[in-house]
Each structure stands twice: as structure tokens, then as C-alpha cells.
Amino acid sequence: MMAAKLIDGKKISNDIKEELKGKVAELKNKGITPTLAVVLVGKDEASKVYVSHKKKACEYIGIHSLSYEMSEETSEIELLNLINELNNKKDVHGILVQLPLPKGIDEQKVIKAIDPSKDVDGFHPESVGALSIGQVGFVSCTPYGIIELLKRSNIDIEGKECVVIGRSNIVGKPMGMLLLRENGTVTICHSRTKDLKEVTKRADILVAAIGKPKFVTKEFVKDGAVVIDVGIHRVDGKLCGDVDFDDVVEHVSAITPVPGGVGPMTIAMLMSNCVQSAERLG
Ligand SMILES: Nc1nc(=O)c2c([nH]1)NC[C@@H]1CN(c3ccc(C(=O)N[C@@H](CCC(=O)O)C(=O)O)cc3)C=[N+]21
């Protein structure tokens, strides 16, 4: 019974990667090699691991990846110059600047410097704006991956009560816009929300993107709800999410595990955005 309700992000992300392999092969037949520039600034250990996962995914699918590793002491100007260079390179289809950036570098300024046509993270104000008014643009990979998880698990969004906990620019807000685009009824909650549990208990689809380990317990969840866990924390050497999985699992109709849920989807959708970019830019 439990296996049936587990949303397997690992499996679904592998399906997507297989589909993308085919698309990359087609592009290569036309003489186009999808290329992603990956920019890593500083020595954040988690960032190094994530970047290596992204490069590995590129390799698997056939996307060419270019690595730019810059020291912790890199200035904002140096980084902006690199981005400008990559913007002008015809054979670069996607630019990813791994976040967080070292102190002293203005992240928003850096994101804004990326050509929106190469903004495969979907973080540029133009990409965010396009999403909110229903125009074509890159969609932030984590929320985009969550929509794919739901669709490929045959979970309808239309008409459903969708509650998102968290209002970050890269997850909560775009998640709300995407669920709205799929005709969900959307509520975005945050640290100032009154009676949070009362609000989250209305959810048919509950997305937890709070950033606190095992925050969501069964008291937050309606019986039979679908629970999507965006969090990733290392507690006592073990990975866990924003949801107390063991506490809620008996009460839900479907749930994403951590690891193996949303995380792998983020990478799959980054790959998808790269391929899309290569198709558009040629
Ligand atoms: N410009 C930028 N774009 C990002 O997309 C971006 C970023 N900066 N900075 C950091 C966050 C975090 N992020 C994750 C991607 C994959 C997993 C992932 O694959 N997680 C595995 C577990 C990996 C592990 O073992 O640690 C899982 O959940 O199964 C997690 C987190 C992308 N981010």
C-alpha cells in the first residue's frame, strides 16, 4: 500500500532524462550541440556537490557542459564580465550561476545580467514576469519539476485546493503561479500566517518549502491529501525534508520522499530547459 502512494522522483526524473536524450540526438543531427555553462563561485561544499550532479546529468543526456570555477575572492565585476561573455557566445544555450554567491556579490544584479533567452534557472525578472502573465519563458526548475511530478502521477490540479508553505522567489512564489496556471485554487502561506495548520488542512495538494526539518506533521495535513516535500536537510547524518514523513505517511494519498522526490526533478527540469533553449536558439 505504501509503495503505491510514494511519488518516485528518481524514476520520473530518469524517464524525463531518457526523453531528453532523444531530443538531444535530434538536435545533434542538425549540427546543434546543446551547451550549458555552469558557473561556481567560492567554496561552498554543498554547491560543489550539486554542481557535480548537474554536470553528470548533462553528460548522461549528451548536453555539453562548460565549467567556470571562480575563487571566493572573485569580484562582482569579474563575475558580471564572465556572464556578459557567455551571453555573447552563440554556442552557449544556457547559463547557470550556482547560488548562494559569496558575500559582497549582489545576487539579484548577477541574475539580471544573464540574457533571459539563456536563463535556464528561470530566475531572471523577465522569466518570472513571463510566468505570471502567461508568456513564454523559462520556468524555475524546482516548481516546474513538481508540476511534472503531479502530471506524471496522474494527480489533477484543476479545481484543487493547493496550499504552498513558503514564499521564496525560487520556489514558493513561482510554485503558486504554476499551480494557478494549472487552474488550482492557490494559497501561499508563510511565517506570518495566522492559524497555519487551519490553512494547510484545507489543502488537497500541500507543497512544503519552509526550510525547517520535519516541520509538517500530521496536524497540518488533511486525510487523503497529496504532500510534496521541497526541503532537504542533513540531520544526524541522514537526509530529511520539511515534512515529517513517518508521521504523515499513513494519512496521505501520495507523498514525495527525501531523498528521491523533488531533488532529482530539479536537475531533470534544468536539463529540459537547456534542451528547450538549444531548440529555440539553434
Ligand atoms: N542557480 C541555482 N540553481 C539551482 O537549481 C540550485 C542552486 N542554484 N542552488 C542550490 C539549490 C539546491 N538544488 C538542488 C538540486 C538537486 C538536489 C538533489 O538532487 N537532491 C537529491 C539528494 C542529493 C544528496 O544526496 O544530497 C534528492 O533529493 O534525492 C537537491 C538540491 C538546486 N539548487
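Small disclaimer: the values here were computed from a predicted structure and weren't measured.

## Concerning the overall build of the protein
Argument step 1. Helix and strand content of the protein: 11 helices and 10 strands.
Argument step 2. Its C-alpha atoms give the protein a radius of gyration of 19 Å, within 12% of the compact-globule value 19 Å for 282 residues.
Argument step 3. Considered along the principal axes of its C-alpha atoms, the protein spans approximately 50 × 45 × 40 Å.
Argument step 4. Buried positions account for 50% of the 282 residues belonging to the protein.
Argument step 5. Taking the intrachain contacts of the protein between residues at least 6 apart in sequence as the baseline, contacts between residues at least 24 apart amount to 70%.
Argument step 6. Carbon together with sulfur atoms contributes 50% to the accessible area of the protein, which is approximately 13700 Å² in total.

## Things to note about the domain arrangement of the protein
Argument step 1. When the domains of the protein are assigned, the result is domain 1 (32-115) and domain 2 (141-262).
Argument step 2. Computed over C-alpha atoms, the centres of domain 1 and domain 2 are 29 Å apart.

## Structural notes on the nonpolar core
Argument step 1. Residues Leu36, Ile63, Leu150, Leu179, Val207 and Met271 are the most contacted members of the largest nonpolar core, which totals 51 residues.
Argument step 2. For this core, the element with the highest residue contribution is helix H11 (residues 262-281), accounting for 10 residues.
Argument step 3. Leaving out residues up to four positions away in the same chain, Leu150 has contacts with Ile155, Ile157, Leu179, Ile205, Val226 and Ile228.
Argument step 4. Core analysis: the second largest hydrophobic core is formed by 18 residues, Ile165, Cys189, Phe220 and Val248 among them.

## Regarding the site of the ligand
Argument step 1. Residues in close proximity to the ligand total 17 residues, the closest being Val97, Gln98, Leu99, Asp121 and Gly260.
Argument step 2. At 3.0 Å from a nitrogen atom of the ligand is found a side-chain nitrogen or oxygen belonging to Gln98.
Argument step 3. In this structure, a nitrogen atom belonging to the ligand sits 2.7 Å away from a side-chain N or O atom of Asp121.
Argument step 4. Here the ligand has 680 Å² of accessible area as a free molecule, and 79% of this is covered by the chains.
Argument step 5. Of all the elements in the fold, those that place two or more residues in the shell around the ligand are helix H3 (45-61) and H11.
Argument step 6. It is H11 that provides the largest number of residues to the shell around the ligand, a total of four residues.
Argument step 7. Residues of the shell around the ligand, tallied by class, amount to nine nonpolar, five polar and three charged.
Argument step 8. Residue assignment places the shell around the ligand across two domains, with domain 1 (32-115) and domain 2 (141-262) each supplying three or more.

## Looking at the UniProt feature "domain: Tetrahydrofolate dehydrogenase/cyclohydrolase NAD(P)-binding" (unreviewed entry) in the protein
Argument step 1. The feature "domain: Tetrahydrofolate dehydrogenase/cyclohydrolase NAD(P)-binding" (unreviewed entry), as given by UniProt, occupies residues 140-280 in the numbering adopted here.
Argument step 2. The straight-line gap between the two end C-alpha atoms of residues 140-280 is 18 Å; of that span, 35% is helix and 18% is strand.

## Focus: the side chain of His124
Argument step 1. The topology assignment puts His124 in the loop between helix H5 (107-113) and helix H6 (125-132).
Argument step 2. Among the polar contacts listed, one links the side chain of His124 to the backbone oxygen of Lys112, at a separation of 3.1 Å.
Argument step 3. From its side chain, His124 meets the backbone nitrogen of Glu126 in a polar contact 2.8 Å long.
Argument step 4. Sequence-distant contacts of His124, defined by excluding residues within four places in its chain, comprise Ile111, Lys112, Ile114, Pro116 and Asp119.

## Describing the sheet that holds strand S2 (residues 64-70)
Argument step 1. Sheet architecture is open: three strands sit in the order S2-S1-S3, paired in parallel fashion. Strands with a single pairing partner mark the edges of an open sheet, and in this sheet they are S2 and strand S3 (94-97). Strand-to-strand twist across the sheet, computed as the mean angle between neighbouring axes with direction ignored, equals 15°.
Argument step 2. Here strand S1 (residues 35-41) runs beside S2; their pairing, made up of seven bridges, is parallel.

## Regarding the pattern of salt bridges
Argument step 1. For the structure on display, the rule yields 12 salt bridges.
Argument step 2. The closest approach of N and O atoms between Lys55 and Glu69, which form a salt bridge, is 3.9 Å. A residue pair is termed long-range when its members are at least 10 positions apart, and Lys55 in helix H3 and Glu69 in strand S2 qualify at 14 residues.
Argument step 3. Its relative accessible area of 22% is what places Lys55 among the partly exposed residues.
Argument step 4. Among the ionic pairs, Glu76 bridges to Lys109, the shortest N-O distance being 3.0 Å. Placement of Glu76 in helix H4 (residues 76-88) and of Lys109 in helix H5 is noted, with a sequence separation of 33 residues between them.
Argument step 5. For Lys109, a relative accessible area of 44% corresponds to the partly exposed category.
Argument step 6. Salt bridges sharing partners connect three or more residues here, namely Glu19, Glu148 and Arg152.

## What to know about the packing of helix H2 (residues 9-29) against H11
Helix-helix packing is characterised by the crossing angle of the two axes and by the distance between the axes.
Argument step 1. Direction vectors running N to C along H2 and H11 enclose 15°, while the axes themselves pass 9 Å from each other. Between H2 and H11, the crossing angle belongs to the class labelled roughly parallel. In this structure, the crossing between H2 and H11 has a hand that is left-handed. Seen from H2, the contacting residues are Gly9, Lys10, Ile12, Ser13, Ile16, Leu20, Lys23, Val24 and Leu27; seen from H11, they are Pro264, Met265, Ala268, Met269, Met271, Ser272, Val275, Ala278 and Glu279.
Argument step 2. In terms of residue class, the contact of H2 with H11 is made up of 12 nonpolar, three polar and three charged.

What counts and what doesn't
Residues numbered from 1 in each chain as written. Predicted model: local features only at pLDDT ≥ 70, side-chain atom pairs only at ≥ 80, totals over all residues. Heavy atoms only, no water. Helix = DSSP H or I, 4+ residues; strand = E, 2+ residues; numbered from the N terminus. Rg over C-alpha atoms; globule rule 2.2 N^0.38 Å. Buried < 20%, exposed > 50% of the residue type's maximum accessible area, 1.4 Å probe, protein only. Contact = heavy atoms within 4.5 Å. Areas by Shrake-Rupley, 256 points an atom, 1.4 Å probe, with all protein chains shown as cover. Domains from an automatic or database assignment. Core = buried A, V, L, I, M, F, W, Y, C linked by side-chain atoms within 4.5 Å. Near = heavy atom within 4 Å. Polar contact = N/O pair within 3.5 Å; in protein donor to acceptor, adjacent residues only side chain to side chain. Nonpolar A, V, L, I, M, F, W, Y, C, P; charged D, E, K, R; others polar. UniProt positions renumbered as here; feature names shortened; annotations may be inferred. Pairing = 2+ DSSP bridges. Axes fitted to C-alpha atoms, helices over the stretch in contact; angles between N-to-C directions. Salt bridge = Lys/Arg side-chain N within 4 Å of Asp/Glu carboxyl O. Parallel < 35°, antiparallel > 145°, perpendicular 65-115°, else oblique. Left-handed = near helix turned anticlockwise from the far one by under 90°.

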